[in-house]
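Tertiary structure, described
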Amino acid sequence: GHFFAGASIPFATVATGFVTYLVLLACKWVLIHRVEPGLRVPSSWFFHVWMLNSALAGQCKFLFAQYLRGSEWYNMLYRSLGATVGSDVLSMLDFGATPDYDLYDVGSNTILGVDCVLPSHSIDQAKLVHVPSRIDTFSCVRSKQTAHTLWFDANLKPSRTSHIRTHFRLAVQVVLIFWLLFSIYLCAIPAVR
């Protein structure tokens, strides 16, 4: 059957996207928890899990989140992943391109245009740099625009991650990679027919 917001979208696609969102949520809160401003080495465990989280967010965008753009449900997706989103926000952000949810602070009565980007990470001097991204109340960011440029603060200290649960986290990461590959396979099946 086909249903979802009046569009002709296969139920299996939306269901797979919703399950991918739940896996993204679990990956975010179990493996990463809160992303804080700071420097990280790209070969670190955090970097690999962060990249997996970004890939899951991209899958979630195509399978599920893009159909919620501009609604309060879309804002709730961001809030559930740690973003601060005010009331009366019309958000058309590119869900997959914005994986650092904890660093987003969007004020009330704000319009974020189609596929605008709130950059909060960069690779600078062979380090992954995370910085906060703030959009003030009563602001408007046009479509396909970058809200601001990243800055590098020399005072940022390297972030420390706990290595207590490394083996558990690695096992969960392997399971998430298999889920990601399986969801990609499910998306490719309708294209083959």
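For the structure, see preceding data.
Let us look at the structure shown here. Given the structure is predicted, the values throughout are model-derived calculations rather than measurements. (Residues numbered from 1 in each chain as written. Predicted model: local features only at pLDDT ≥ 70, side-chain atom pairs only at ≥ 80, totals over all residues. Heavy atoms only, no water.)

With respect to the nonpolar core
How we decide: The nonpolar core is taken to be a set of buried Ala, Val, Leu, Ile, Met, Phe, Trp, Tyr and Cys residues, with the residues joined through side-chain atoms within 4.5 Å. Relative accessibility decides the category of a residue: with a 1.4 Å probe and only protein chains considered, values under 20% of the type maximum give buried, values over 50% give exposed, and everything between is partly exposed. Going along the chain from the N terminus, every DSSP run of H or I of four or more residues is numbered as a helix, and every run of E of two or more is numbered as a strand. Any two residues having at least one pair of non-hydrogen atoms within 4.5 Å are treated as being in contact.
With 41 residues, the main nonpolar core has Leu24, Leu56, Tyr74, Leu77, Tyr78, Phe95 and Tyr101 as its most contacted residues. Elements represented by at least two residues in this core include exactly helix 1 (11-32), helix 2 (45-63), helix 3 (72-80), strand 4 (104-106) and helix 4 (166-192). By residue number, the principal contributor to this core is helix 2, which donates 9 residues. Filtering out sequence-adjacent residues up to four positions away, Phe95 remains in contact with Leu24, Ala57, Cys60, Lys61, Ala65, Tyr74, Leu77, Tyr78, Leu81 and Tyr101.

Section: a nonpolar patch on the surface
Stated formally: Surface patches are defined over residues having more than 30% relative accessible area and no salt bridge, joining like charges when they lie within 9 Å and nonpolar side chains (Val, Leu, Ile, Met, Phe, Trp, Tyr) when within 5 Å. Residue burial considers only the protein chains on display, and all accessible areas are found by Shrake-Rupley using a 1.4 Å probe. Salt bridge, as applied in this entry: a Lys or Arg side-chain nitrogen positioned within 4 Å of an Asp or Glu carboxyl oxygen.
Together, Ile177, Phe178, Leu181 and Ile184 make up an exposed nonpolar region whose accessible area comes to about 390 Å². By the secondary structure assignment, Leu181 is in helix 4.

Points about the packing of aromatic side chains
To keep things clear, this is the line we draw: Side-chain rings of Phe, Tyr and Trp, where Trp is taken by its six-membered ring, are said to pair if the distance between their centres is within 6.5 Å; with planes under 30 degrees apart they count as stacked, over 60 as edge-to-face, and otherwise as tilted. Charge-over-ring placement is defined geometrically: NZ (Lys) or CZ (Arg) within 6 Å of the ring centre, and within 35 degrees of the ring normal.
Under the definition given, this model contains 5 aromatic pairs. Ring geometry for Tyr74 versus Tyr78: centroids 5.5 Å apart, planes at 75°, classification edge-to-face. With Tyr74 and Tyr78 both in helix 3, this residue pair falls 4 residues apart, about one helical turn. Across the pair, exposure class does not vary: Tyr74 and Tyr78 are buried alike. On the numbers, 5.6 Å between centres and 70° between planes, the contact of Tyr78 with Tyr101 is edge-to-face. One end of the pair, Tyr78, is in helix 3; the other, Tyr101, is in the loop between strand 3 (90-91) and strand 4, and 23 residues separate them in sequence. A residue is classified by how much of its surface remains accessible, and Tyr101, at 0% relative accessible area, is buried. Among the aromatic residues, those joined into a ring-pair cluster are Phe18, Tyr21 and Phe64. For Lys28, the ring lying beneath its charged end belongs to Trp29, and the centroid distance is 4.1 Å.

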